[in-house]
Amino acid sequence: MARIAPPIDMTPMVDLAFLLVTFFMLTATAIPDEPVTVDTPSSVSEIKLPENNVMTITIDKDSRVFFNVDGQFTRAELLGKIGERYGISFTEEETKTFAVISSIGVPIGSLKQFLALKPEKRKEITQPGIPSDSAQNELADWVLQARLSNPKLRIAIKGDRDANYGTVKKVINTMIDRKVNRFNLITNMEKGS
Amino acid sequence: MAELASDDGGKKKKGGKVRAKKSSTRIDMTPMVDLAFLLLTFFVMTTTLNKPQTMEITMPEKPKPGDEMPEINEKNVMTVVLGDDNKVYWYMGITDPVVEKADYSATGIRKVLLAKKAELPKLVVLIKAMDESKYKNMVDIMDEMNISTMQRFALVDITDTDVQLVKEAQL
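In this convention, every chain numbers its residues from 1, walking through the sequence in written order. Here chains are named by letter from A upward and ligands by number from 1 upward, in the order in which they appear as written. Where local features are concerned, this predicted model is filtered to residues with pLDDT of at least 70; where side-chain atom pairs are given and counted, the filter is 80 or more; whole-chain, interface and lining totals use all residues. Processing note: side-chain calculations cover all non-hydrogen atoms of the structure and skip hydrogens and water entirely.

Caption draft 1: Molecular detail of the overall build of chain A. Within chain A, the regular secondary structure consists of seven helices and six strands. Counting helices and strands in the order they occur from the N terminus, chain A gives α-β-β-β-β-α-α-α-α-α-β-α-β. Since a compact globule built from 193 residues should have a radius of gyration of about 16 Å, the 22 Å found for chain A marks it as more spread out than a globular shape. Over its C-alpha atoms, taken along the principal directions, chain A stretches across nearly 90 × 50 × 30 Å. With a 1.4 Å probe rolled over the protein chains alone, any residue whose accessible area is under 20% of its type maximum counts as buried; one over 50% counts as exposed, and the rest are partly exposed. Buried positions account for 46% of the 193 residues belonging to chain A. Put simply, of all contacts in chain A between residues at least 6 apart along the chain, 68% involve residues at least 24 apart. Accessible surface is estimated by sampling points in the Shrake-Rupley manner with a 1.4 Å probe; for residues, cover comes only from the protein chains shown. Accessible area for chain A stands at about 10800 Å²; split by element, carbon and sulfur atoms hold 56% of it. Under the DSSP-based scheme used, a helix requires at least four consecutive residues in state H or I and a strand at least two consecutive residues in state E, with every element numbered from the N terminus. Atoms considered for the radius of gyration are the C-alpha atoms alone. The globule rule reads 2.2 Å times the number of residues to the power 0.38. Note on contacts: a residue pair is in contact if any heavy atoms of the two residues lie within 4.5 Å.

Here it is, written out as structure tokens:
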């Protein structure tokens, strides 16, 4: 005999599905596009990076240094402070742009030009990295001013596995000179073993 | 099942009291459910896989002039030199050290570290990375320190003597 499948009321399932979709959508934070892709080394460490109040110093495989800090208000304040320090005044527009972009890797001198670029253009150009030599250490100023803008900041160093230790050492020494002795090295999960 | 009967709904005003045809308003929800689950899967995937891990390190403060340095017996000192090309060298003590070569595998430097640790409970490891070594090497060696639960280790600047030693050893 022919059986007709009994109709199932899908409404509760759909309700649940949408509830979950909404939940995940709201909790998800968009990954900001970084100017460089960094392949972090693996480690057995299982400490997770806190989600907020993180300052990230990225070192890519060509040993360029990038700086990033989260929080729009922190960034806006930071730009003001940096401007003050270097005698550059940034317009409201530029501050707004700076607040929403991700890592930056240009010397402070050319920051104004960089912010004036269109977003697509900004993605295209290769950023030279932040000078972190002892002669001209702009990274130190970024770190210092960022910490003044948000004292709760934690510092994370995200280095590419093929970055030269020389550059990493420069960055670490910059930190120690500024009395920053605790920081995190971002790694990913150990594969296998 | 999929029709939403509203074809004549808009025109009824002209014709006076023509009632809209009452038909079932059941909608086929399948595509919507498909979409909902697709999105659900997407968001579940993206949120859980996106948590970077970190290794927390605390560097010592720069010694101030006049600070007293603790003295260590040189027998307890092990120096690990990270060279270029993923090579790692190690030696014990300071006077007339014998440089040996190891690698980053589980049977390499880890074995040495564990053996030395068992032998000398007061072992202090000095990690000296050459500028040519990679960041990965540094993380690897820190990892080895964690694995072998080394209590005392320090990341120090490399000296010319160390470079010379490694070069002379020709491993």
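Caption draft 2: Structural context of the pattern of salt bridges. Residues and elements named next belong to chain A. In what follows, salt bridge is the name for a side-chain nitrogen of Lys or Arg lying within 4 Å of a carboxyl oxygen of Asp or Glu. For the structure on display, the rule yields 12 salt bridges over all chains. The partner of E77 in a salt bridge is K81, with the nearest N and O atoms 3.1 Å apart. Here E77 and its partner K81 are both found in helix α2 (residues 72-86), four residues apart, which amounts to about one turn of the helix. The exposure class of E77 is partly exposed, given its relative accessible area of 38%. Between K112 and E94 there is a salt bridge, and its shortest N-O distance comes to 3.1 Å. Highlighted residues: K112 in helix α4 (residues 111-116) and E94 in helix α3 (residues 92-100), separated in sequence by 18 residues.

Caption draft 3: The arrangement of the nonpolar core in detail. Take the buried Ala, Val, Leu, Ile, Met, Phe, Trp, Tyr and Cys residues and link them wherever side-chain atoms come within 4.5 Å; each set so joined is a nonpolar core. In terms of nonpolar packing, the biggest core is built from 63 residues, with I57, F67, L111, W142 and F183 of chain A together with V80 and I141 of chain B touching the most fellow members. Setting aside chain neighbours within four positions, we find F67 of chain A in contact with M55, T56, I57, L78, S103, I104, I130, L139, W142, V143 and A146 of chain A. Counting seven residues, the second-largest nonpolar core is a separate cluster that includes V81, Y89, V99 and V166 of chain B.

Caption draft 4: A look at the confidence of the model for chain B. Residues and elements named next belong to chain B. Across the chain, each position has a pLDDT score giving the predictor's confidence in that residue, from 0 to 100. Looking at chain B as a whole, the pLDDT averages 77, with 85% of positions reaching at least 70. Element-level mean pLDDT values for chain B span from 79 in strand β1 (residues 53-58) up to 86 in strand β5 (residues 124-129). The model gives residues 1-13 a pLDDT under 50, and that stretch makes nine contacts with residues more than four places away or in other chains. Of the two predicted TM-score estimates for the complex, the pTM is 0.74 and the ipTM is 0.73.

Caption draft 5: Main features of the interface of chain B and chain A. The interface of chain B with chain A comprises 39 residues on the first partner and 47 residues on the second. Across the chain B to chain A interface the summed buried area is about 4200 Å²; carbon plus sulfur atoms make up 64%. Looking at the side of chain B facing chain A, the largest losses of area belong to Q53, T54 and Y135 of chain B, adding up to 21% of the total buried there. Linking chain B to chain A there are three salt bridges. Here K169 of chain A and D131 of chain B are joined by a salt bridge, their closest N and O atoms 3.2 Å apart. Pairs of N or O atoms are called polar contacts if they sit within 3.5 Å, as long as, within protein, a hydrogen donor faces a hydrogen acceptor (for residues adjacent in sequence, only side-chain-to-side-chain pairs). Between chain B and chain A we count 11 residue pairs in polar contact (both at pLDDT 80 or more) in total. When contributions to the side of chain B that touches chain A are tallied by element, the ones reaching two or more residues are α1 (30-48), β1 and α3 (135-147) of chain B. With 10 residues, α1 of chain B is the largest single contributor of residues to the side of chain B that touches chain A. Side-chain classes are defined by residue name, with Ala, Val, Leu, Ile, Met, Phe, Trp, Tyr, Cys and Pro counting as nonpolar, Asp, Glu, Lys and Arg as charged, and the others, Gly among them, as polar. Taken together, the residues of the side of chain B that touches chain A break down into 21 nonpolar, seven polar and 11 charged. Simply put, the buried area is the total loss of 1.4 Å probe accessible area from both parts when two parts are fitted together.

Caption draft 6: Layout of the packing of aromatic side chains. The aromatic pairing rule takes the rings of Phe, Tyr and Trp, using the six-membered ring of Trp, and pairs them if the centres are within 6.5 Å, calling planes under 30 degrees apart stacked, those over 60 edge-to-face and the rest tilted. The final tally for this structure, using the stated rule, is four aromatic pairs over all chains. Ring geometry for F23 of chain A and F24 of chain A: centres 5.2 Å apart, planes at 70°, overall edge-to-face. Assessed through its relative accessible area of 47%, F23 of chain A is described here as partly exposed. Overall, F24 of chain A belongs to the buried group, its relative accessible area being 17%. A ring pair is formed by F42 of chain B and F43 of chain B, whose centres lie 5.1 Å apart and whose planes are at 70°; its orientation type is edge-to-face.

Caption draft 7: Spatial organisation of the packing of α2 of chain A against helix α6 (residues 138-149) of chain A. Residue and element names in this part refer to chain A. Lines fitted to the C-alpha atoms define the axes, with helices restricted to the stretch that makes contact. Angles between their N-to-C directions range from 0 to 180 degrees. The interhelical angle for the contact between α2 and α6, taken along N-to-C directions, is 130°, at an axis separation of 9 Å. Of the possible angle classes, the one that applies to α2 and α6 is oblique. Judged by the sense of rotation from one axis to the other, the crossing of α2 with α6 is right-handed. The residues of α6 that touch α2, namely those facing T74, E77, L78, K81, I82, R85 and Y86, are E138, D141, W142, Q145, A146, L148 and S149. Of the residues contributing to the contact of α2 with α6, the split by class is six nonpolar, three polar and five charged. By the definition adopted for this analysis, an angle is roughly parallel if under 35 degrees, roughly antiparallel if over 145, roughly perpendicular if from 65 to 115, and oblique otherwise. Left-handed is the label given to a crossing in which the near helix is rotated counterclockwise from the far helix by less than a right angle, and right-handed is the label when the rotation is clockwise.

Caption draft 8: Layout of unusual backbone geometry. Residue N53 of chain A is not a glycine yet carries a positive backbone phi of 55°. Its relative accessible area of 26% is what places N53 of chain A among the partly exposed residues. Its identity as a non-glycine residue notwithstanding, D85 of chain B has a phi of 60°, on the positive side. With respect to the helices and strands, the residue D85 of chain B is situated in the loop between β2 (77-82) and β3 (88-92). Among the residues examined, D85 of chain B registers a relative accessible area of 65% and is labelled exposed.

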